Amino acid sequence: MDTVARAQDSGTGYTRRPSTYDAALTEVGRAKPMGEFLRRYWHPVGLAGDAGTTPKALRVLGEDLVLFRDGKGRAGLVTARCAHRGTTLYYGKVEARGIRCCYHGWLFDVEGRCLEQPCEPGGGRFRDSIRQPWYPVEERYGLIFAYMGPPGKKPVLPRYAALEVLEPGEFVEADDSSVGGGGPAIIPCNWLQHYENLVDPFHVPILHGNFSGRQFVEQMEVFPEVRWEYTDWGVKTIAERKLPDGRIFHRVSGAALPTLRVIPNPRVAQYARVEMIGWVLPIDDTSFRIYNAARVREAGAVRRQRSTRNGKYWEDLTEAERREFPGDYEAQTGQGPITFHSDEHLATSDKGVAMLRRLLQRQVKLVADGSDPAGVSFDPNAPPVVLEAGNFIREA
Ligand code: FES
Ligand SMILES: [Fe+2]
């Protein structure tokens, strides 16, 4: 065999190294570095209406849970496996005092206390020693938030100025259809692929403006000048576009810790401060969903912000249309269930992604070393968090 010919064939697929991903940034399960970091914050796990008298099965950070609401109106979130012999409480029944397991009838309250063991002598003389694993929940903005971390480290559930300071006629609406994900409510890939997309403004004129036709508005198709900055809440992207009329479209967006989308409306209905906050919820390592809450003037306004392509919502597109007009869903799930970081070539336009990963790495290490991560507060009187973002216009 001619060695010269072989040298000319360098870079073939055969010679590449095995592909790997950064588990410390992606894996969200219990006792994983990222899982521990994420468990130091509150996460939305459902709409307020999801907690009712029918047990609702949830998967959050790789844990199977059941959500319900007792007769006093208190929401409860417990692990799905019954503490007795492990059947799922999904088949349980909700009663005034809690949730009753279908198998042998043990009854648990919203904090997992075992109230009844009907098959045991005396109704269960040792039932007080049993605790169904449970998590604290709080309701705000139409969402149910859960804290799944160490009990002594539970921060206050933050308030956000974007959802607290309302204009006349506005109210806050929550939505669980993963607006911003470009696809169905549950998106089958790692959450970080979506989270880092938030600091990737260059995909907007390509994927959403050029490759797949106009998905947003004309202004968004102008190539931006971009800079990224660390803030006390995450990574902020400042994208400036010179409009044909000479004015400057100044767009500020960002990724806030731990998983928040701070993305002003890409349809730029108005030049104003950001009106919607999104929470990327890792369901497990290979799927996520997005809960949103926004200031709106009409019910259903959040859901109506779902992207359309070729005039259709994602579920109405044919496979051929998804290939002709790919969007965020196709681009992000196309990276695979968990993208291989070993195979990437980050370039100039990926500076925001690199900054976000460094920030997460630092925060994950802080938590692993016993400190509190950025952005958690233990002060019940803390003022609402201001996430500076919006679509603004400036005369040149
Ligand atoms: S498995 Fe739940 S009561 Fe027996
Ligand atoms: Fe996008």
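By convention here, each chain's residues receive numbers from 1 onward along its written sequence. Following the order in which they are written, the chains are lettered starting with A and the ligands numbered starting with 1. Residue-level local features of this predicted model are given only where pLDDT is at least 70; pairs of side-chain atoms are given and counted only at 80 or more, and the full residue set underlies all totals for whole chains, interfaces and linings. Hydrogens and water are ignored here; the side-chain numbers use all heavy atoms of the structure.

**A short note on the layout of surface pockets**
Test applied: A pocket, in this scheme, is an open set of points on a 1 Å grid over the protein atoms alone with protein on both sides within 12 Å along at least 5 of 7 lines, while a cavity is a set where a 1.4 Å probe fits but cannot get out; residues line either one if an atom lies within 4 Å of a point. Grid points are joined across faces, edges and corners, and a volume is the space filled by probe spheres set on the points. Basically, the charged four are Asp, Glu, Lys and Arg, the nonpolar ten are Ala, Val, Leu, Ile, Met, Phe, Trp, Tyr, Cys and Pro, and anything else, Gly included, counts as polar. Each helix is a run of H or I in the DSSP string that is no shorter than four residues. Each strand is a run of E no shorter than two, and both are numbered from the N terminus.
Put simply, the largest pocket is a space of about 520 Å³. Around the largest pocket, the lining is made up of 30 residues, and of these Pro158, Arg159, Tyr160, Gly375 and Val385 lie nearest the centre. Counted by class, the lining of the largest pocket contains 23 nonpolar, two polar and five charged residues. Considering each element in turn, the lining of the second largest pocket owes the most residues, three residues, to helix H9 (residues 328-333).

**Things to note about the domain arrangement of the protein**
Condition: The split into domains, and so the bounds of each, comes from an automatic or database assignment of domains. Contacts: residue pairs with any heavy atoms within 4.5 Å of one another. Here the buried area means the combined drop in accessible surface, using a 1.4 Å probe, for two parts upon being joined, counting both sides. Criterion for a salt bridge: a side-chain nitrogen of Lys or Arg within 4 Å of a carboxyl oxygen of Asp or Glu.
Domain annotation for the protein reports domain 1 (48-139) and domain 2 (158-373 + 381-394). Placing the centre of domain 1 and that of domain 2 at their C-alpha centroids yields a distance of 36 Å. Each partner contributes to the interface: domain 1 provides five residues, whereas domain 2 provides five residues. Between domain 1 and domain 2 the total buried area reaches about 410 Å² when both faces are included, carbon and sulfur atoms providing 53% of it. Counting across the domain 1 and domain 2 interface gives one salt bridge.

**A short note on the sheet that holds strand S6 (residues 98-100)**
Put simply, the test is: At least two DSSP bridges between two strands are needed for those strands to be called paired.
With antiparallel pairing, the four strands of this open sheet are ordered in space as S5-S6-S7-S8. Among the strands making up the open sheet, the edge pair consists of strand S5 (93-95) and strand S8 (114-116). Here strand S7 (residues 107-108) pairs with S8 via two bridges, running antiparallel. The residue of S8 that forms the bridge with Leu107 is Glu116.

**Section: the pattern of salt bridges**
When the charged atoms of two side chains with opposite charge come close together, those side chains can pair. Our working rule: Categorising residues by exposure relies on relative accessible area from a 1.4 Å probe, with only protein chains included: less than 20% of the type maximum marks a residue as buried, more than 50% marks it as exposed, and the intermediate range marks it as partly exposed.
For the coordinates displayed, the defined rule picks out 33 salt bridges. Glu167 is the salt-bridge partner of Arg273, the closest N and O atoms lying 3.0 Å from each other. With Arg273 in the loop between strand S16 (260-262) and strand S17 (276-284) and Glu167 in the loop between helix H4 (161-164) and strand S12 (171-175), the pair connects residues that are 106 residues apart, well separated along the chain. Here Glu167 falls in the partly exposed class, since its relative accessible area comes to 35%. Ionic pairing is found between Glu330 and Arg309, a salt bridge with its closest N-O pair at 2.8 Å.

**Remarks on the environment of Leu198**
Along the chain, Leu198 turns up in the loop between helix H5 (191-195) and helix H6 (203-211). Considering only alpha carbons, one finds Leu198 and Phe216, 18 residues apart in sequence, at a separation of 16 Å. Residues in contact with Leu198, not counting those within four places in the same chain, are Thr237, Ser253, Gly254, Ala255, Leu260, Arg261 and Ile263.

**Considering the packing of aromatic side chains**
Rule in force here: When two rings of Phe, Tyr or Trp (its six-membered ring) have centres within 6.5 Å they constitute a pair, described as stacked for plane angles under 30 degrees, edge-to-face for angles over 60, and tilted for the intermediate range. Counted as over-ring charges are cases with an Arg CZ or a Lys NZ within 6 Å of the ring centre that also lie within 35 degrees of the ring normal.
Inspection of the entire model under this criterion finds ten aromatic pairs. Between Phe202 and Trp228, the aromatic rings sit 6.4 Å apart at their centres with planes inclined by 55°, giving tilted as the arrangement. Within this pair, whereas Phe202 is found in the loop between H5 and H6, its partner Trp228 is found in strand S13 (residues 225-230), the two being separated by 26 residues in sequence. Here Phe249 and Tyr271 contribute two aromatic rings whose centre-to-centre distance is 5.8 Å and whose plane-to-plane angle is 75°, an arrangement assigned as edge-to-face. Separated by 22 residues along the polypeptide, Phe249 in strand S15 (residues 248-256) and Tyr271 in the loop between S16 and S17 bring together distant segments of the chain. Take Tyr271: its relative accessible area is 31%, and that puts it in the partly exposed class. Grouped by ring-pair contacts, the aromatic residues Phe145, Tyr160 and Trp279 constitute a single cluster. The ring of Trp314 is capped by Arg322, whose NZ or CZ atom sits 4.1 Å from the centre of that ring.

**Structural notes on the coordination of the iron ion (ligand 2)**
Rule in force here: Donor criterion used throughout: N, O or S atom within 2.8 Å of the metal, extended to 3.2 Å for Na, K and Ca. Water excluded; incomplete-looking sites may result. All geometry calls rest on donor angles, where a four-donor set with angles between 85 and 135 degrees is tetrahedral, four- and six-donor sets with opposite donors more than 155 degrees apart and all others between 65 and 115 are square planar and octahedral, and all else is irregular.
Here the iron ion (ligand 2) is held by the protein donor atoms His203 (NE2), His208 (NE2), Asp328 (OD) and Asp328 (OD), which lie 2.1 to 2.3 Å from it. Taken together, the four donor atoms coordinating the iron ion (ligand 2) and their angles of 57 to 150° define a geometry best described as irregular. Positions of the donor residues of the iron ion (ligand 2), expressed as sequence spacing, correspond to H-x4-H-x119-D. Placement of the pair is His203 in helix H6 and Asp328 in helix H9, with a sequence separation of 125 residues.

**Observations regarding the sheet that holds strand S3 (residues 63-69)**
Within the open sheet, the four strands sit side by side as S2-S3-S4-S9. Their pairing is antiparallel. Since the sheet does not close on itself, it has two edges, and those belong to strand S2 (56-60) and strand S9 (134-135), each with one partner. Summarising the sheet, S3 and strand S4 (residues 75-79) pair through five bridges and their orientation is antiparallel. Paired with Phe68 across the bridge in S4 is Gly76.

**Concerning empty space enclosed by the protein**
Across all of its chains, the model carries one cavity of 30 Å³ or more by this definition. A volume near 410 Å³ is recorded for the largest cavity. Along the wall of the largest cavity there are 30 residues; nearest its centre are Phe216, Arg251, Arg261, Ile263 and Pro266. Elements supplying a minimum of two residues to the lining of the largest cavity: H6, strand S14 (234-242) and S15.

**A few points about the state of the cysteines**
Applicable threshold: Disulfides are defined in this document as cysteine sulfur pairs within 2.5 Å.
As enumerated under the stated definition, the model contains zero disulfides in all. No disulfide involves Cys102; its sulfur sits 4.9 Å from the nearest other cysteine sulfur, which is in Cys101.

**Re unusual backbone geometry**
Pro258 follows Leu257 through a cis peptide bond whose omega is 0°. Within the element layout of this structure, Pro258 appears in the loop between S15 and S16. Located in the positive-phi region is Ala31, a residue other than glycine, with phi close to 70°. For Ala31, the position within the fold is in the loop between helix H2 (23-26) and helix H3 (33-38).

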